[in-house]
Structures are given as structure tokens and as C-alpha cells.
Amino acid sequence: MIILSIETSCDETAISIIEAVGDFPTATYEVIGNALFTQIDIHREFGGVFPAVAKREHIATIVPMLEMALKEAKITAGFTPSLNEGEHARVHELLSRENGLADQVISFYQSFGRPPIDVIAVTTGPGLEPALWVGINFAKALSYLTNASVIPVDHMEGHILASIFDGHHLAGLQFPAVALLVSGGHTELILIKEWGHYEKIGQTRDDAVGEAFDKVARLLGLPYPGGPEIGRLADEARQANLPPFATLPLPMLHSKDLDFSFSGLKTAVLYAIADQVLLLEQKQALARDFEDAAVTVLTEKLKTAIEQYSIKSVILGGGVASNKRLRHAINSLSSPQLFPDIKTYLPELSLSTDNSVMIGLAGHAHLDTSLTPQEFAETIKADGNKVLGQS
Ligand code: KG4
Ligand code: ZN
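Conventions and cut-offs
Residues numbered from 1 in each chain as written. Chains lettered and ligands numbered in written order. Predicted model: local features only at pLDDT ≥ 70, side-chain atom pairs only at ≥ 80, totals over all residues. Heavy atoms only, no water. Axes fitted to C-alpha atoms, helices over the stretch in contact; angles between N-to-C directions. Helix = DSSP H or I, 4+ residues; strand = E, 2+ residues; numbered from the N terminus. Parallel < 35°, antiparallel > 145°, perpendicular 65-115°, else oblique. Left-handed = near helix turned anticlockwise from the far one by under 90°. Contact = heavy atoms within 4.5 Å. Nonpolar A, V, L, I, M, F, W, Y, C, P; charged D, E, K, R; others polar. Near = heavy atom within 4 Å. Polar contact = N/O pair within 3.5 Å; in protein donor to acceptor, adjacent residues only side chain to side chain. Areas by Shrake-Rupley, 256 points an atom, 1.4 Å probe, with all protein chains shown as cover. 1 Å grid on protein atoms, 1.4 Å probe; cavity = no way out; pocket = protein on both sides within 12 Å on 5 of 7 lines; lining within 4 Å. Sits in = over half its atoms within 2 Å of the grid points. Core = buried A, V, L, I, M, F, W, Y, C linked by side-chain atoms within 4.5 Å. Buried < 20%, exposed > 50% of the residue type's maximum accessible area, 1.4 Å probe, protein only.

Attention now moves to the packing of helix α2 (residues 51–73) against helix α5 (residues 129–146). Following both chains from N to C, one finds α2 and α5 inclined at 30°, their axes separated by 8 Å at the closest point. Relative to α5, the element α2 is oriented roughly parallel. Judged by the sense of rotation from one axis to the other, the crossing of α2 with α5 is right-handed. Here α2 contributes P51, A54, K55, H58, I59, I62, V63 and L66 to the contact with α5, which in turn contributes P130, A131, V134, G135, F138 and L142. Across the contact of α2 with α5, the residue classes tally to 11 nonpolar, 2 polar and 1 charged.

Put into C-alpha cells, the structure is as follows:
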């Protein structure tokens, strides 16, 4: 089966074409086409992601990404009837809020033809609503033109599957499993008793950890996105063995629950800087102090969850899963001194941050909920606040 997947929830415009043989979760997957455009350079100028800018960029790049993915997959068109006036009008109607996209889609269809795909998987939440809508409405138009059914995908479930994907197969997870999902918008602990059963057992009460990395980076005068910059400076501080710059709090470390809080940590960094202009070494040391505090809280809460729920598999997912320090800490959980019986799963670096491969995998997990083009166009909503494990 050929799955075409679409991701536009934040600042990456991505389309993949995946061939799946067999049933989820034991299928063999071949990623035959994969195109991704990151808007990071555009958002860097503004110091962060503005939804209206993200939407504009998705509209500008989604058809080129589709063409790139199809080309890489060496997929050629099947039988292609030409569009009559009514069909023309329908595409315009479906894409009426995505200024300029209907014409691009129609000209793609007229020059390429109808791609022979079986299903379309598309992120419907969580994310920035104007950005999500581009992908959703694009999926509506594409399913209308190809007659492929559509599967709405939860972006966070995508992050979970990305972490257990080796490029061809999903790892055979032992349950119960717990996923620590860490991104720019989310910090959550998700208990997975079996596939499809997600229960949120912990979450941030304020900022997401990726957001805290980005905000602290801004305080240190580093460019967006700040996560990788903080990681780099923190590594330099460790290599140079720099002394601590500040004693930072470990928020919620001793709270009895599995919740997180990162806004106080960010404020503590702000107070530590006060009005000083920091030297490079001071920035490096403070980046390290912050990273240590954030990683400690995440790891300790995860340990509590492992004990509390007799966890067998630990999954780290989301953009912050690219952080070296965090990866090391999570990998170390399965050491003989800690939890020798658990297995830890971390995403390949290329699949840590947003991508559409993970959306295709999550789509395959939910083939049973696929909707006809008509049903999808009529019922689906963008849900910017959707949280995995909470309906
Ligand atoms: O999952 P993702 O690509 O997008 C969202 O769904 O939010 O995550 C993006 C977040 C950003 O906050 C970014 O700063 C953070 O992941 N990030 C990192 C690193 N790479 C990306 N944070 C810490 N260390 C990194 N190496
Ligand atoms: Zn993400």
C-alpha cells in the first residue's frame, strides 16, 4: 500500500511517500519519497514562529514538496481524466482559505496527472492552527482529485512512532511503555498499555521544555531555534570544565505527581543574568547549568513513572530528543544500576524534529479510521490544542 503523508503543524513543510507491506505494527516500510522544507531561516529573522508567516510559507512550498517526493519515489501518474468546470470549482472551494494554493494544485494535477496513492495521512493536531489548516485543506483537495481515503493523524503519536522506527520496521515494544514527549509545544509523559491506548500521566503546567530552551537562548542572545544552540554552548562549557554560573532551581522535582514546570527555570536564568552583559564563557556556563537542570527534572520524573507503572519500554520523542545530554541521560536509564530490564528507544536524529515519515507511520496505525474524501472534507477539524491521551 502506498501512503502519502503530510506534515504542516509548525515550521516544517513535509511530504513523504511510504510503501507499507503488512499490518501495523509488524509491517515492512520503505520510505520511497521524502521531501522536507524547514522554515527555520525565515523564522529566525523574527526570533520565533509567527503562525501567519508559517501559513504563507506552507502555501508556497507544499506543492513543490509533493512534486519532489513523487519524483524521488519514481511514481508516475495513473489514468488522469481532465478536470471539468465543477471539479475545478470544487478544488477552489476546498482551498478557498489558502490563498493561491488551488491554482498550484490544479496546475500540478494538469501537468503531473493523478498520483496512484492508496491513502493520505495528515497531521490534524496539535500545532499552530493556520499552519495545520494548510495541510488539512491540501489533503482534502488531493484526496478529492485522487479518490484516496484520508487518515487524520495526531502529531504526537507520530513522534512516538518515529522513536521506534529503524527505517524499515517498528521495534517490537514490550508493554507497558512510557513515552516522554519533549518539543516546542509539549512536555508530556504518556503511558502506553498497548497500541492505540494512550494515557497522559504527566504534563507541563506552563512552558514546554523546548520553549524554555528557546526562551533561554533568546536571553543569551542566541538565534532561533535555541535548543541546538544551548546544547552546543553547554557542551563547550563541559569541555572547558567551566565552574557553575548560577544555582538554578529544579522545578517540581519533589512534587508527588508527574507534572513539569519550566517557566520558573527560565525566570531564574533571567535573574541570574540580571543586567549583565555576559562574556562567552559565562554564556556557556549558564547554558550548561540550564541544560543540566532541565535534563535532571525530565529524567527524574521519568524514573518515577518507570517505578510507578512497572514500565518495560521507555520512548523519548519530539524535537528536544535531539539534545545530546538528554539522549545520554535517557539511554543510561537501562544501565545495570538503574533499570536493567527496560529498553530505551530514541529517534534517529533526522526523525527527532518534525517530519512527515512519522505521520505516515501513525497513519498506517489507524487505517481503520480512514475517511472517504467526502467524509474527511465534511468532518475534519484542525485542533491546535489536541493532547495525546486525552480525548
Ligand atoms: O518537535 P519539534 O521539531 O516541533 C514541535 O512540534 O514543537 O520540536 C522543536 C523544539 C524547539 O523548541 C527546539 O529548540 C527544540 O525542539 N530542539 C532542541 C534541540 N533540537 C531541537 N532542544 C534542545 N536541544 C536540541 N539539540
Ligand atoms: Zn513536533
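Right, let's get into the site of ligand 1. The immediate surroundings of ligand 1 are formed by 18 residues, with G184, D214, G227, G319 and D354 found nearest. With respect to ligand 1, the backbone of G210 contributes an N or O atom lying 3.2 Å from an oxygen atom. Here an oxygen atom of ligand 1 and a backbone polar atom of G319 are 3.0 Å apart. Here ligand 1 has 560 Å² of accessible area as a free molecule, and 88% of this is covered by the chains. At a threshold of 2 Å from the grid points, most atoms of ligand 1 map onto the largest pocket. Of all elements in the fold, only α6 (155–163), α7 (209–219) and α8 (226–239) reach the threshold of two or more residues within the shell around ligand 1.

Here the focus is the nonpolar core. Residues L180, L189, L220, I230, F290, L302 and I330 are the most contacted members of the largest nonpolar core, which totals 48 residues. The biggest single contributor to this core is helix α10 (residues 280–308), with 11 residues. Here L302 is in contact with V178, L180, L189, V314, I330 and L333, once residues within four sequence places are set aside. Ranked by size, the runner-up nonpolar core spans 42 residues in total, among them I17, I62, L95 and I106.

Note that all results are geometric; they support no functional claim without further evidence.
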